[in-house]
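# Examining the three-dimensional arrangement
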Amino acid sequence: AARTGKTLVEVGNYGINRFIFGHEVVDDAGIEEWLGLFMDADAVVCNSFHGICFSLIFNKPFYVFSRGGEDFRFENICEATGLSDRLLPTDGTIPLEDVPIDFEDVARRLDPLREKSLRFIDENVVIPAKGHVP
């Protein structure tokens, strides 16, 4: 944020960080507000799979920090979208030269994966008849 002159908004469970680091912390966002923060962001820096997913959905440039051994989903989606360079080590820093993301290329890569997922759901998820609880 300091390097780009942007405002940093931390979204998470550590409200104390507003006092420790002196930046805005949103620790009580509902679904709409949480999604709105992604929609309105200029960029996203996260350490979560959902952060990556919503960055891709809303076409937001992002970087994701490693969680130290719990990164297989991060690695898989970044590799599948051609964005492996967006995965940073836990103690890493965001590169000074930010390479733009080609979101049209990302969409082309995600389309067959989306189709595969929808096919799996259609073939394997049974929706109970109205009025019946499984």
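What you see is a predicted model; the values in this text were computed from it and never measured.

Criteria and cut-off values
- Residues numbered from 1 in each chain as written.
- Predicted model: local features only at pLDDT ≥ 70, side-chain atom pairs only at ≥ 80, totals over all residues.
- Heavy atoms only, no water.
- Buried < 20%, exposed > 50% of the residue type's maximum accessible area, 1.4 Å probe, protein only.
- Helix = DSSP H or I, 4+ residues; strand = E, 2+ residues; numbered from the N terminus.
- Arc of directions from axis to C-beta.
- Contact = heavy atoms within 4.5 Å.
- Pairing = 2+ DSSP bridges.
- pLDDT = per-residue confidence, 0-100.
- Patch = residues over 30% accessible without salt bridge, like charges linked within 9 Å, V, L, I, M, F, W, Y side chains within 5 Å.
- Areas by Shrake-Rupley, 256 points an atom, 1.4 Å probe, with all protein chains shown as cover.
- Salt bridge = Lys/Arg side-chain N within 4 Å of Asp/Glu carboxyl O.
- Polar contact = N/O pair within 3.5 Å; in protein donor to acceptor, adjacent residues only side chain to side chain.
- Core = buried A, V, L, I, M, F, W, Y, C linked by side-chain atoms within 4.5 Å.
- Phe/Tyr/Trp six-rings, centres within 6.5 Å; stacked < 30°, edge-to-face > 60°.
- Lys NZ or Arg CZ within 6 Å of the ring centre and 35° of its normal.

### Description of helix 4 (residues 72–80)
Among the residues of helix 4, Phe 74, Ile 77 and Cys 78 are the ones counted as buried. Down the axis, helix 4 shows its buried residues gathered within 100 degrees of arc, on one side only. Away from the buried face of helix 4 by more than 90 degrees, exposed residues Phe 72, Asn 76 and Glu 79 are located. Residues of helix 4 that are buried in the fold lie against helix 3 (49–57), strand 4 (62–65) and strand 5 (87–88). At the C-terminal side of helix 4, Gly 82 shows a positive phi close to 75 degrees.

### A short note on the sheet that holds strand 5
Here 3 strands make up an open sheet; going across it, the order is 3-4-5 and the pairing parallel. Two strands close off the open sheet at either side, each with one partner strand: strand 3 (44–46) and strand 5. As paired strands, strand 3 and strand 4 are joined by 3 bridges and run parallel to one another. Residue pairing in the sheet places Val 44 in a bridge with Phe 62 of strand 4.

### With respect to the confidence of the model for the protein chain
On average, residues of the protein chain carry a pLDDT of 88, and 97% of them reach 70 or more. Mean pLDDT values over the elements of the protein chain span from 83, in helix 1 (residues 17–20), up to 95, in helix 5 (residues 103–124).

### Considering a nonpolar patch on the surface
Nonpolar side chains collect at one region of the surface, where Tyr 14, Ile 16, Phe 19, Ile 20 and Phe 21 lie side by side and expose about 640 Å² of accessible area between them. By the secondary structure assignment, Ile 16 is in the loop between strand 1 (9–11) and helix 1.

### Description of the side chain of His 23
With respect to the element layout, His 23 can be found in the loop between helix 1 and strand 2 (24–26). At a separation of 2.6 Å, a polar atom in the side chain of His 23 contacts the side chain of Glu 10. Among residues more than four places away in sequence, those in contact with His 23 are Leu 8, Glu 10, Asn 17 and Arg 18.

### Remarks on the nonpolar core
Formed by 19 residues in total, the largest nonpolar core has its most connected members in Ile 52, Leu 56, Phe 62, Val 64 and Ile 77. Taken together, the elements giving at least two residues each to this core come down to strand 3, helix 3, strand 4, helix 4 and helix 5. No other element matches the 5 residues that helix 3 contributes to this core. With residues near it in sequence (within four places) discarded, Phe 62 still touches Val 44, Ile 52, Ser 55, Leu 56, Cys 78, Leu 83, Arg 86 and Ile 101.

### Considering the packing of aromatic side chains
Given two aromatic rings, one states the distance between the centres and the angle between the planes to describe the pair. Inspection of every chain in the model, using the stated rule, returns 4 aromatic pairs. Ring centres of Phe 38 and Phe 54 lie 6.0 Å apart, and the angle between their planes is 45 degrees; on these two criteria the pair is classed as tilted. Taken together, the residues span a long stretch of sequence, with Phe 38 in helix 2 (residues 31–40) and Phe 54 in helix 3 at a distance of 16 residues. When sorted by exposure, Phe 38 lands in the same class as Phe 54, which is buried. Every member of this aromatic cluster is reached through a ring pair, and the members are Trp 34, Phe 38, Phe 54 and Phe 58. The ring of Tyr 63 carries Arg 86 above its face, with NZ or CZ at 4.5 Å from the centroid.

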